[in-house]
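Analysis of the macromolecular model
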Amino acid sequence: MSGTVSAALGGRKPFRSPDYFSSLLDVPEGGQPSEGQQRIYATFNTYAEQSPPGRGLHIIAKGRVADGGVRNSTLGVEVYSPGRFFTFTGNVVRDEAIAYCQPLVDILIEQLRPNRSIAVTEIADPCPSPQITDETLCERICQSDANRAYYEGRVADWSSAYFALICAACLFSSDEAQVRRVVMASPLVQDAPPKGRETRAQKAERL
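1. Looking at the overall build of the protein chain
Broken down by element type, the protein chain carries 9 helices and 6 strands. In the protein chain, the share of contacts with a sequence separation of at least 24, taken over all contacts with a separation of at least 6, comes to 74%.

2. Digging into the layout of surface pockets
Gaps left between atoms are located by rolling a probe of water-molecule size over the structure's atoms. Here the second largest pocket defines a volume of roughly 170 Å³. Elements with a minimum of two residues in the lining of the second largest pocket: α2 (35–43) and α7 (176–184). Broken down by element, the lining of the second largest pocket gets its largest block of residues, 5 residues, from α2. Class assignment for the residues of the lining of the second largest pocket results in 3 nonpolar, 4 polar and 4 charged.

3. Description of the pairing of strand β4 (residues 69–72)
Of the strand pairs in this sheet, β4 and strand β5 (residues 77–80) are connected by 4 bridges, and their pairing is antiparallel. Among the inter-strand pairings, R71 is bridged to a residue of β5, identified as E78. Between β4 and β5, which pair antiparallel and follow one another directly, the connecting turn spans 4 residues, one of which, G76, has a positive phi of 70 degrees.

4. Let's talk about the nonpolar core
Counting residues in each nonpolar core, the largest one holds 24 residues, and the members touching the most others are I141, Y162, L165 and V189. Contributing elements (two or more residues each) for this core: α4 (134–141), α5 (145–152), α6 (158–172), α7 and α8 (187–190). At 9 residues, the largest contribution of residues to this core is made by α6. Residues within four places of L165 in sequence aside, it is in contact with I141, Y150, Y151, V183, S186 and L188. Listed in part, the 19 residues of the second largest apolar core include L25, F44, V77 and L104.

5. Looking at the packing of helix α3 (residues 102–112) against α6
Between α3 and α6, the shortest axis-to-axis distance is 10 Å and the interhelical angle comes to 35 degrees. Handedness of the crossing formed by α3 with α6: right-handed. Only F163, A164, C167, A168, L171 and F172 of α6 make contact with α3, whose side of the interface consists of P103, L104, I107, L108 and Q111.

6. Some thoughts on the environment of G63
Mapped onto the secondary structure, G63 falls in the loop between β3 (57–62) and β4. Sequence separation between G63 and V105 is 42 residues; the distance between their C-alpha atoms is 7.7 Å.

7. Considering the sheet that holds strand β2 (residues 48–50)
Spatial ordering of the open sheet is given by β4-β5-β1-β3-β2-β6, a layout of 6 strands whose pairing is antiparallel. Whereas interior strands pair on both sides, the edge strands pair on one side only; in this sheet they are β4 and β6 (92–94). Across the sheet, the axes of successive neighbouring strands diverge by a mean angle of 25 degrees, strand direction being ignored. Of the strand pairs in this sheet, strand β1 (residues 20–25) and β5 are connected by 4 bridges, and their pairing is antiparallel. Each residue of the ladder has a partner; that of L24, found in β5, is E78. Contacts between α3 and the sheet are confined to β1, β3, β4 and β5, with β5 contributing the most and set at about 130 degrees to the helix.

8. What to know about α4
Of all the residues in α4, the buried ones are L137, C138 and I141. Along α4, the residues classed as buried sweep out an arc of 100 degrees about the axis, all on the same side. Among the exposed residues of α4, those oriented more than 90 degrees off its buried face are E135 and E139. The inward-facing, buried residues of α4 abut α5, α6 and α7.

9. Digging into the confidence of the model for the protein chain
Residues of the protein chain with pLDDT of at least 70 account for 74%, and the chain-wide mean is 75. Looking across the protein chain, the model is least confident in helix α1 (residues 3–9), with a mean pLDDT of 42, and most confident in α4, with 90. Per-residue pLDDT stays below 50 along residues 1–16; that stretch engages in 41 contacts with residues further than four places along the chain or on separate chains.

10. Re the pattern of salt bridges
In total, this model carries 4 salt bridges according to the counting rule given. Residues E152 and R148 are paired through a salt bridge, measuring 3.3 Å at the closest nitrogen-oxygen approach. Within this pair, E152 and its partner R148 are both found in helix α5, separated by 4 residues, close to a single helical turn. Judged by relative accessible area, E152 falls into the partly exposed class, the value being 33%. Taking relative accessible area as the criterion, R148 reaches 34% and is therefore assigned partly exposed. When salt bridges with common partners are traced through the structure, they connect R148, E152 and R154 into a single cluster.

How each quantity is defined
Residues numbered from 1 in each chain as written. Predicted model: local features only at pLDDT ≥ 70, side-chain atom pairs only at ≥ 80, totals over all residues. Heavy atoms only, no water. Helix = DSSP H or I, 4+ residues; strand = E, 2+ residues; numbered from the N terminus. Contact = heavy atoms within 4.5 Å. 1 Å grid on protein atoms, 1.4 Å probe; cavity = no way out; pocket = protein on both sides within 12 Å on 5 of 7 lines; lining within 4 Å. Points joined across faces, edges and corners; volume = space filled by probe spheres on them. Nonpolar A, V, L, I, M, F, W, Y, C, P; charged D, E, K, R; others polar. Pairing = 2+ DSSP bridges. Core = buried A, V, L, I, M, F, W, Y, C linked by side-chain atoms within 4.5 Å. Buried < 20%, exposed > 50% of the residue type's maximum accessible area, 1.4 Å probe, protein only. Axes fitted to C-alpha atoms, helices over the stretch in contact; angles between N-to-C directions. Left-handed = near helix turned anticlockwise from the far one by under 90°. Arc of directions from axis to C-beta. pLDDT = per-residue confidence, 0-100. Salt bridge = Lys/Arg side-chain N within 4 Å of Asp/Glu carboxyl O.

Here it is as C-alpha cells:
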C-alpha cells in the first residue's frame, strides 16, 4: 500500500470514517470487468486497490454516503456507507492520492438507486450502450435533479458544475465526441456570463 494511503487511513487495519467512502466493483470468478465498471473506475480518479477476494477493485475516496450506501448485484457495484469498515489488501491498482469525489458519488448513487422503493434487481443499468442520440443523452442526464441543475447552469460554482456534468455524461456514454458535443451545447456553457476576458465556452475549450 502506498505510504500516503497507509498514513491517511491507518495502515492495514480495518478502518472506518464518516469522511471516506468505498466503491466495490465486483467481477465474477473467471469473468472480465463490465463496460460500466470500467467507466466508473475511469471516472473516479482516486486511489484503487484489488479487493480482498482478488476478483474486483476497491475505489477509495473522500466524501459521505447517506442512508447506508447502495448495492447493485446485477451490475456488480457497491458503494459503502461511513458505517462500514474498510479492509485493505495493499495490492495497489492505481496509486493516486485519495481524492474528494462527493459530486461524483452523489451522481453514482442517484443512478444506481433512482427510486429507493424498488428492488435492487429492478434498477436500470446507469452505464448503457453508448449508441444513443445526443437528445437521449441529455434526457438521461437531466433525469436527476442535481444533474439537471448542472446542465442548466443553476449553480454557484461553474468549474465544479462543468466537471460534474462531464462525469454525469460519461456515466451514460463512452463516446468522447458525443460527451463533448452535449456538454459544450449545454446552457451551463453557452448561457453563462463571461468571466474576465474569457467566455465560458472559451474556458471549456481550454479545459
